[in-house]
Amino acid sequence: MIQLMQSLGQQALVSMISHLIFIIITWRVLQGINLDPLIKKGRVFEGTLLLIFITVAIGTTVSRFFLDFLQWSQQLIFLF
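The protein chain is annotated in an unreviewed UniProt entry as Conserved hypothetical integral membrane protein of Sediminibacillus albus.

Undergrad: Can you walk me through the UniProt feature "transmembrane region" (unreviewed entry) in the protein chain in this structure?
TA: Those residues carrying the UniProt feature "transmembrane region" (unreviewed entry) are residues 12-30 and 50-67 in this numbering. Between the first and last C-alpha atoms of residues 12-30 the distance is 27 Å; the span itself is 100% helix and 0% strand. Within residues 50-67, the helical portion is 100% and the strand portion 0%, while the C-alpha atoms at the span's ends are 25 Å from each other.

Undergrad: Would you explain a nonpolar patch on the surface in this entry?
TA: A surface patch of nonpolar side chains, about 560 Å² in accessible area, is lined by W27, F45, L49, I52, F53 and V56. The element that contributes the greatest number of residues to the nonpolar patch is helix α2 (residues 44-75), accounting for five residues. Locating F45 in the fold gives a position in helix α2.

Undergrad: Would you take a moment to explain helix α1 (residues 2-31) for this structure?
TA: Side chains of residues three or four places apart in an α-helix project in the same direction, reflecting 3.6 residues per turn. Over its 30 residues, α1 extends 44 Å from the first C-alpha to the last, a length consistent with the 44 Å expected when each residue adds 1.5 Å. The complete set of buried residues in α1 reads S15, S18, F22, T26 and L30. Where α1 is buried, its residues contact α2.

Undergrad: Looking at this structure, I do not really get the environment of Q11. What am I missing?
TA: Within the element layout of this structure, Q11 appears in helix α1. For the pair Q11 and L67, spaced 56 residues apart in the sequence, the C-alpha separation amounts to 9.7 Å.

Undergrad: I would appreciate a short explanation of the layout of surface pockets in the present structure.
TA: A water-sized probe, rolled over the atoms, reveals where empty space remains. Each pocket or cavity is described by its volume, and for the largest pocket that value is around 310 Å³. Lining the largest pocket we find S7, Q10, Q11, V14, S15, R64, L67, L70, Q71, Q74 and Q75. Of all the secondary-structure elements, those providing two or more residues to the lining of the largest pocket are α1 and α2. Examining the composition of the lining of the largest pocket, we find that six residues originate from one element, α2, more than from any other. When grouped by side-chain class, the residues that make up the lining of the largest pocket number three nonpolar, seven polar and one charged.

Undergrad: Explain the side chain of S63 to me, please; I cannot follow it from the model alone.
TA: Positionally, S63 belongs in helix α2. What S63 contacts, discounting residues up to four positions off in sequence, is S15, S18, H19 and F22.

Conventions used here
Residues numbered from 1 in each chain as written. Predicted model: local features only at pLDDT ≥ 70, side-chain atom pairs only at ≥ 80, totals over all residues. Heavy atoms only, no water. UniProt positions renumbered as here; feature names shortened; annotations may be inferred. Helix = DSSP H or I, 4+ residues; strand = E, 2+ residues; numbered from the N terminus. Patch = residues over 30% accessible without salt bridge, like charges linked within 9 Å, V, L, I, M, F, W, Y side chains within 5 Å. Areas by Shrake-Rupley, 256 points an atom, 1.4 Å probe, with all protein chains shown as cover. Salt bridge = Lys/Arg side-chain N within 4 Å of Asp/Glu carboxyl O. Expected span 1.5 Å × (residues − 1). Buried < 20%, exposed > 50% of the residue type's maximum accessible area, 1.4 Å probe, protein only. Contact = heavy atoms within 4.5 Å. 1 Å grid on protein atoms, 1.4 Å probe; cavity = no way out; pocket = protein on both sides within 12 Å on 5 of 7 lines; lining within 4 Å. Points joined across faces, edges and corners; volume = space filled by probe spheres on them. Nonpolar A, V, L, I, M, F, W, Y, C, P; charged D, E, K, R; others polar.

Here's what the structure looks like:
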């Protein structure tokens, strides 16, 4: 029982770290894109907030794919 709880805790920690890493990578990538023409003048806060939401959405999606792929690759041993 304790081993199961430790495994769940480790999985949660790996997921959290993965999400944060991919969110940071996505933020850095989106900073390289000039989105100024898409933002109305005087709406800088809203534009920044939208960029944060887009960053979180893309970063967590990519992280989830990465974590799913990792889990699937570990489950391949049960194929045979």
